[in-house]
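Single-letter residue listing:
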Amino acid sequence: MLTKPEGAILDLDIAVPRHYVTHENLAIARGVEPEKYHAGLGCWEMSVCGPGEDVVTLAAGAAWRLLQRHPHLREKIGLCVVGTESGVDGAKPTAIYVHQLVNLPSTCRVFEIKHACYGATAALQMAQAWACMRPDRYALVIAADVARYKRYSSGEPTQGAGAVAMLVGQAQDQPVCLTLSDVSGTHAEEVYDFWRPNYQAAALVKGKFSVECYLKSLLAAHDDFYRQMGKSASLDAMDYALYHVPFPHMARKAHVHLLSHKGIVQEEEALADYQRRVKLSLWANRRVGNIYSASLYLALAGLWEREADTWSKKQVSLFSYGSGSCSEYFTACGGTRRPAFHLKTLLDQRVEVDVATYEALSDHALLMEQNDSIHSETIRGMVPFVFVGIRDHERTYEQQTVAEKEPVTVVAAPAGMGIHRELAPLAALGSSFCDR
Ligand code: CAA
């Protein structure tokens, strides 16, 4: 009997910028009680892009790290899609830079998908269907974003930057991270909750309204999913529930809202359920911030790394929300592959900067986007690609050597920018996850 091919995320990897600022320091600088950011939003550290780092270097960096582990599959990649709302050009896709930087075959379909934070999920669903029709071919789906809000705005503490690259293929006969369900619930509605006009670097947002839109979409997409699945399926069967994470407490709000929709209205019961099925996935998001399209997949990476020993056969629900809006609710099943990206170590290797330096780094990075010139003062990132500037309206990327399995040791900050602490030696790094 022929079995229907199942699509899977075979493996994934992550890239983050070199620097981060703590929410404690940001709160103090903005005259806000740190508890608002910690207890109120669930945020502790926020990744900051500096000069030389952009959505392309992050996307290519995540893909490069992933392909280092699967060099024999590179020639079999026939689809490369980047889901992002931080594209660097109105026409030329981020994915074609990635294609060149990580040396993918010329027989590859390459494009970018945009729908706010939903883009990468659209890409993943498309890649899954594509892979199911092509045994022995693979898709590279990359979620990558740089979240920018106006300085001093209420959105400022919910910024971040990073990328998650996923290798998608058929699940048969190989260890996988997650086998994806072929049913998904969707919801679309035109709203102005969060958007970024072409003439702005920073997003515009109606904060409270965006939270309402997210919650409304969650129920609609969830109900659509279970309508298709029939009466036998239930949220209770899920071991873990993953959400789009613009800030970690949004995932808590979402889960509690969904439970209340299912009739669980006792706060104590709902919070215990959140602790059991959601909280474990949020530790990396607390340390990176909002990475829009990649936030859901960063939560997946964090959960997988943390629960690696018991991951196989675990049932996981995923909710993706993109402002504007489109959302999708789907489920997946844990496979037997073990994660090999060492996310906690990657985050521990970053460098903390103070608030003045975060502002200077962001300004310098934005300046590079607006000037037609090549810059020598770029930061050597955590990945082997650096954006060196624009000449004759063409972006230029250079490749650097990054020693494998060694922490990156060079930190060349632009003149006058204070770096708080140098890289910690690996042995000195703690092993606990950020469970605050
Ligand atoms: N101690 C403890 N908690 C405190 C506190 C203190 N001193 N002060 C405030 N808080 C709590 C508040 O009670 C509140 O908790 P609840 O949400 O549980 O009520 C929380 O901290 C936040 O406080 P405010 O609501 O007063 O915060 P705010 O109005 O300044 O902004 C925000 C919050 C609207 C999320 C804002 O950060 C924002 O606009 N962010 C960007 C938009 C966003 O992330 N939207 C999410 C849905 S849209 C989406 O998901 C797409 C996307 O990625 C953007």
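Placed above this text is the structure.
Scoring rules and cut-offs
- Residues numbered from 1 in each chain as written.
- Predicted model: local features only at pLDDT ≥ 70, side-chain atom pairs only at ≥ 80, totals over all residues.
- Heavy atoms only, no water.
- Pairing = 2+ DSSP bridges.
- Helix = DSSP H or I, 4+ residues; strand = E, 2+ residues; numbered from the N terminus.
- Contact = heavy atoms within 4.5 Å.
- Axes fitted to C-alpha atoms, helices over the stretch in contact; angles between N-to-C directions.
- Salt bridge = Lys/Arg side-chain N within 4 Å of Asp/Glu carboxyl O.
- Buried < 20%, exposed > 50% of the residue type's maximum accessible area, 1.4 Å probe, protein only.

Caption draft 1: A look at the sheet that holds strand β2 (residues 19-22). Judged by pairing direction, the sheet is mixed, and its three strands sit side by side in the order β3-β2-β14 without closing on themselves. In the strand order of this sheet, the two ends are held by β3 (45-48) and β14 (351-352), each with one partner. Sheet topology places β2 next to β14; two bridges connect them, and they run parallel. Counterpart to His19 in the pairing with β14 is Val351. Running over the sheet, helix α1 (residues 23-30) touches β2, β3 and β14 and is turned about 60 degrees from β2. Of the strands in this sheet, β2 and β3 are in contact with helix α12 (residues 355-370), which crosses β3 at around 30 degrees.

Caption draft 2: Quick look at the pattern of salt bridges. Across all of its chains, the model carries 19 salt bridges by this definition. For Asp348, the salt bridge goes to Arg287, with nearest N and O atoms at 2.9 Å. Taken as a pair, Asp348 in helix α11 (residues 343-348) and Arg287 in helix α9 (residues 283-288) lie far apart in primary sequence, 61 residues in all. As far as burial versus exposure is concerned, Asp348 and Arg287 are alike and both buried. The salt bridge involving Asp309 is made with Arg338; its shortest N-O contact spans 2.8 Å. In this pair, Asp309 sits in the loop between α10 (295-306) and β12 (315-322) while Arg338 sits in the loop between β13 (326-334) and α11, placing the two residues 29 residues apart along the sequence. Taking the relative accessible area as the measure of exposure, Asp309 reaches 67% and is therefore exposed.

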